[in-house]
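Notes for the structure review
The lines below spell out each chain.
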Amino acid sequence: MKKIFITVLLVGLAIFLSMGCITKQVWTDKVRGVPYQERILSFYNNKDEGKIIFIGEKYHYIFDKGTKEFTTFLEAKKGLKLKENHLGIYATTNRRDREKVEVSLNFEFKKSNLTQEQQSWLEGHNARFIRRPLPRKDGDDYDIPVIYAPEQMEIDGYVLNYHLLGKRYQATAEVNNHVVKLKNPINIEVVEFKVTDKKSTLYKVAMTPLSVTADAGLIIIGAGVAIIYAPFALANWAYESITK
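All of the points below concern the structure found in this document. (Residues numbered from 1 in each chain as written. Predicted model: local features only at pLDDT ≥ 70, side-chain atom pairs only at ≥ 80, totals over all residues. Heavy atoms only, no water.)

As judged from the seven bridges shared by strand 4 (residues 87-93) and strand 5 (residues 100-110), these two strands associate in the antiparallel manner. Across the sheet, T93 pairs through a bridge with V101, a residue of strand 5. Hairpin connection of strand 4 to strand 5: six residues between the antiparallel strands. (Pairing = 2+ DSSP bridges. Helix = DSSP H or I, 4+ residues; strand = E, 2+ residues; numbered from the N terminus.)

As structure tokens, this is what we get:
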């Protein structure tokens, strides 16, 4: 009876492991984060479809989650007078799927540089406050740690954060040579989680679905439908209207 149980157990385990090569390989492959440098050449979007595209030298990044709020923010770029030093970017691939990518975009604004209208817009769009303690009074003992109450803090600035999720694809020279390019490309660092075994067949990155039409219009092919993309407003913002 014991032998039968062991045999059944081994057979069951073999079936479970054979259910997918990816499952087996995830267990054996060592994954580590390796940063690479990316140069963003252009931005495209389709507002109706809720997609934003970052055209990089190495990869094309197509985001379809978190894009609505980010598009609304960029439509207010002139009123907020966005500058390059407002922006912070953190990008990473998914640990289990190299095609999946996510990016956090942080925009920080100093209150002293904002008009009342700009402050109202930020507060109405879920900006977080950056607070600092009010100046301490003469005679206070600076060696004693202080826990500040809310009334002892003042607003020093605002932070907006946008988190985009999507996929990345291998770039092609055909597309990159025809896109509407930024005046000043944006250099970012992307943390890529990859397997250390070069022979691994996991996490292959597909070729870009973007192609160029006869009139150099950029399209994305999906479900048999060609969707035309127009240059994103950010292409004009980055960086014609930016003061470095």
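Moving on: the nonpolar core. Core analysis: the biggest nonpolar cluster contains 32 residues, and F54, Y61, F70, F73, F109 and L122 have the highest contact counts within it. Looking at this core, the elements with two or more residues in it are strand 1 (31-46), strand 2 (51-56), strand 3 (59-65), helix 3 (67-75), strand 5, strand 7 (153-170) and strand 8 (186-195). Ranked by the residues each element gives to this core, the list is headed by strand 5, at five residues. Those residues in contact with Y61 that sit more than four places away from it in its chain are Y36, E38, I40, I52, I53, F54, V101, K167, R168 and V190. The next biggest cluster of nonpolar side chains, apart from the first, holds eleven residues, and it includes Y44, V175, V179 and L210. (Core = buried A, V, L, I, M, F, W, Y, C linked by side-chain atoms within 4.5 Å. Buried < 20%, exposed > 50% of the residue type's maximum accessible area, 1.4 Å probe, protein only. Contact = heavy atoms within 4.5 Å.)

Summarising burial for strand 2: five of the six residues are buried, a large majority. Once strand 1 ends, the chain turns through four residues before running back antiparallel as strand 2, passing G50 with a positive phi of about 70°. Summarising the sheet, strand 2 and strand 3 pair through four bridges and their orientation is antiparallel. Bridge pairing links F54 to Y61 in strand 3. Between strand 2 and the antiparallel strand that follows it, strand 3, lie two residues.

Within helix 3, the full set of buried residues consists of T67, F70, T71, F73 and L74. Projected down its long axis, helix 3 carries its buried residues within an arc of 160°, all on one side. For helix 3, exposure combined with an orientation more than 90 degrees from the buried face picks out K68 and E75. (Arc of directions from axis to C-beta.)

To continue, consider the side chain of H60. Within the secondary structure, H60 sits in strand 3. Polar contacts involving the side chain of H60 include one to the side chain of N176, which spans 2.7 Å. Aside from chain neighbours lying at most four places away, what touches H60 is F54, I55, K167, R168, Y169, A171, T172, V175, N176, T208 and L210. (Polar contact = N/O pair within 3.5 Å; in protein donor to acceptor, adjacent residues only side chain to side chain.)

Right, let's get into the pattern of salt bridges. Under the counting rule described, the total for this entry stands at five salt bridges. Where D64 meets K65, a salt bridge forms, and the shortest distance between an N and an O atom there is 3.8 Å. You can call D64 partly exposed: its relative accessible area is 41%. Linked by salt bridges that have partners in common, R98, R168 and E192 make up one network. (Salt bridge = Lys/Arg side-chain N within 4 Å of Asp/Glu carboxyl O.)

Attention now goes to the packing of aromatic side chains. Evaluated as defined, the whole model comprises twelve aromatic pairs. Aromatic side chains Y36 and Y59 sit 5.6 Å apart centroid to centroid with 55° between the ring planes, which places their arrangement in the tilted category. Of this pair, Y36 sits in strand 1 while Y59 sits in strand 3; the two residues are 23 residues apart in sequence, bridging distant segments of the chain. A ring pair is formed by F70 and Y162, whose centres lie 5.6 Å apart and whose planes are at 50°; its orientation type is tilted. One end of the pair, F70, is in helix 3; the other, Y162, is in strand 7, and 92 residues separate them in sequence. Y162 gets classed as buried once you look at its relative accessible area, which sits at 8%. (Phe/Tyr/Trp six-rings, centres within 6.5 Å; stacked < 30°, edge-to-face > 60°.)

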